[in-house]
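Fold and geometry: a report
Listed below, chain by chain, are the residues.
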Amino acid sequence: CFQEGVGGFPDGIYLVKKGLYPMLDSGTTTSYVARSLTKLKNLTVITNSTDIAAVMLPPSGNHVYIPGEEVRQDDGAIFGQSAVEYVRQFNIDWAIISVGGIENQLNLTDYYSLESEFSRAIIEQAHEVIVVTDRSKFGRVGLAKICKMEAIDILITNPPIPAEIFRKLDPMNVRLITQSSQID
């Protein structure tokens with residue numbers, strides 16, 4: 001399991017520094033990322049996840065912003081047009097997103113159009129984009145396209161990385177962070 005085996009955010013804790021502005025979308029993997037970020041203090045965090053908001057609030061000195069919209073019952077996520085408009089007002093350092101799938105042409109996808117729409121909105125607001133995912137997402141194709149791999153800066157995952165995908169990342173200038181350099 002990526003989330004437990006890698007500790008949520010391998011080396012990534014060092015990417016997000018005190019005083020910076022990360023934005024995290026909802027998802028199991030980004031929730032683990034948020035838990036690793038609790039080691040940092042005085043962050044300004046924007047998220048559409050009530051779980052991530054709750055994790056980031058305890059006595060950390062963090063400032064947490066969430067959009068006002070209906071909360072989805074199964075995972076506590078907030079989506080919809082007003083959530084997208086809400087995040088577009090922010091200028092953020094890091095968009096940290098999870099994905100439902102990374103298909104072989106390196107399109108990042110999700111299973112729900114509202115989730116992919118929200119991910120695209122936070123990507124547009126970010127100086128740098130981090131995708132966190134586990135290896136099971138390689139070769140999967142969700143219904144809704146988020147973006148092409150070229151739109152991201154850093155891919156954090158667990159090995160092994162499919163060799164075909166690994167070869168395609170280098171010319172795209174996507175930094176790959178894993179537990180090791182194991183390639184299938």
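I will try to describe carefully the structure that is included in this document. Computed from a predicted model, the values in this text were never measured in an experiment.

Within strand S4 (residues 92–97), six of the six residues are buried, leaving the element largely enclosed by the surrounding structure. Looking at chain direction, strand S1 (residues 22–24) and S4 are connected through three bridges and run parallel. Bridging from a neighbouring strand, Leu 24 pairs with Ile 96 of S4. Pairing of S4 with strand S7 (residues 126–132), which is carried by five bridges, proceeds in the parallel orientation. Paired with Ile 96 across the bridge in S7 is Ile 130.

Moving on: the sheet that holds strand S3 (residues 63–65). Read from one edge to the other, the open sheet built from seven strands follows the order S3-S2-S1-S4-S7-S9-S10, with strand pairing classed as parallel. In the strand order of this sheet, the two ends are held by S3 and strand S10 (175–177), each with one partner. Averaged over all pairs of adjacent strands, the angle between strand axes in this sheet comes to 20 degrees, irrespective of strand direction. Packed on one face of the sheet, helix H2 (residues 28–37) meets S1, S4 and S7 and runs near 145 degrees to S1. Here helix H5 (residues 113–125) sits on the sheet in contact with S1, S4 and S7, set at roughly 150 degrees to S4.

This brings us to H5. Look at H5: 19 Å from first C-alpha to last across 13 residues, which is about the 18 Å you get at 1.5 Å a residue. When we look at burial in H5, the residues that qualify are Glu 115, Ser 116, Phe 118, Ser 119, Ala 121, Ile 122, Ile 123 and Gln 125. The elements touched by buried residues of H5 are S1, helix H4 (81–87), S4, strand S6 (107–110), S7 and strand S8 (144–148).

Further remarks concern the nonpolar core. Among the nonpolar cores identified, the biggest contains 34 residues, and Ile 102, Leu 108, Met 149, Ile 152 and Leu 155 are the most heavily contacted of them. Of all the elements in the fold, those that place two or more residues in this core are H4, S4, H5, S7, S8 and helix H6 (163–169). With four residues, the top contributor of residues to this core is H5. Residues contacting Ile 152, with those up to four places away along its chain left out, are Leu 108, Val 129, Val 131, Cys 147 and Val 174. With 17 residues, the next largest nonpolar core counts Leu 37, Met 56, Trp 94 and Val 132 among its residues.

Our next topic: unusual backbone geometry. Looking along the chain, the bond that leaves Pro 159 and enters Pro 160 is cis, with omega of 5 degrees. A positive phi angle, near 60 degrees, is found at Asn 42, a position not held by glycine. Checked against the element boundaries, Asn 42 lands in the loop between H2 and strand S2 (44–47). Asn 42 sits in the partly exposed class, given a relative accessible area of 38%. Positive phi, close to 65 degrees, is recorded for Leu 106, a residue that is not glycine. Inspection of the secondary structure assignment puts Leu 106 in the loop between strand S5 (101–102) and S6.

Considering all chains together, one arrives at eight salt bridges under this definition. Where Arg 35 meets Asp 51, a salt bridge forms, and the shortest distance between an N and an O atom there is 3.3 Å. Here Arg 35, found in helix H2, pairs with Asp 51, found in helix H3 (residues 50–56); they are 16 residues apart in sequence, far enough to count as distant. A relative accessible area of 30% places Asp 51 in the partly exposed class. Arg 72 is the partner of Asp 75 in a salt bridge, and the nearest nitrogen-oxygen pair spans 2.6 Å. Assessed through its relative accessible area of 33%, Asp 75 is described here as partly exposed.

The element H2 is extensively covered by neighbouring structure, given that seven of its 10 residues are classed as buried. Taken residue by residue, H2 has Thr 29, Thr 30, Ser 31, Val 33, Ala 34, Ser 36 and Leu 37 as its buried positions.

Reading the values: rules and limits
- Within every chain, residues take consecutive numbers counted from 1 along the sequence as written.
- At least 70 in pLDDT is required for a residue's local features to be given in this predicted model, at least 80 for side-chain atom pairs to be given and counted, and no such filter applies to totals for whole chains, interfaces and linings, which use all residues.
- In computing side-chain properties, one takes all heavy atoms of the structure into account and sets aside hydrogens as well as water.
- In this scheme, a residue with accessible area under 20% of its type's maximum is buried, one over 50% is exposed, and one in between is partly exposed, where area comes from a 1.4 Å probe on protein chains only.
- Secondary structure is summarised from DSSP: a helix means a run of H or I of at least four residues, a strand means a run of E of at least two, and numbering begins at the N terminus for each.
- Between any two strands, pairing holds if DSSP finds at least two bridges.
- Lines fitted to C-alpha atoms define the axes, with helix axes restricted to the stretch in contact, and inter-axis angles between N-to-C directions lie between 0 and 180 degrees.
- The contact rule is simple, with two residues in contact once any of their heavy atoms fall within 4.5 Å.
- Expected helix span is computed as 1.5 Å times (number of residues minus one).
- We call a set of buried Ala, Val, Leu, Ile, Met, Phe, Trp, Tyr and Cys residues a nonpolar core when their side-chain atoms join them within 4.5 Å.
- Salt bridge, as used here: a side-chain nitrogen of Lys or Arg that lies within 4 Å of a carboxyl oxygen of Asp or Glu.

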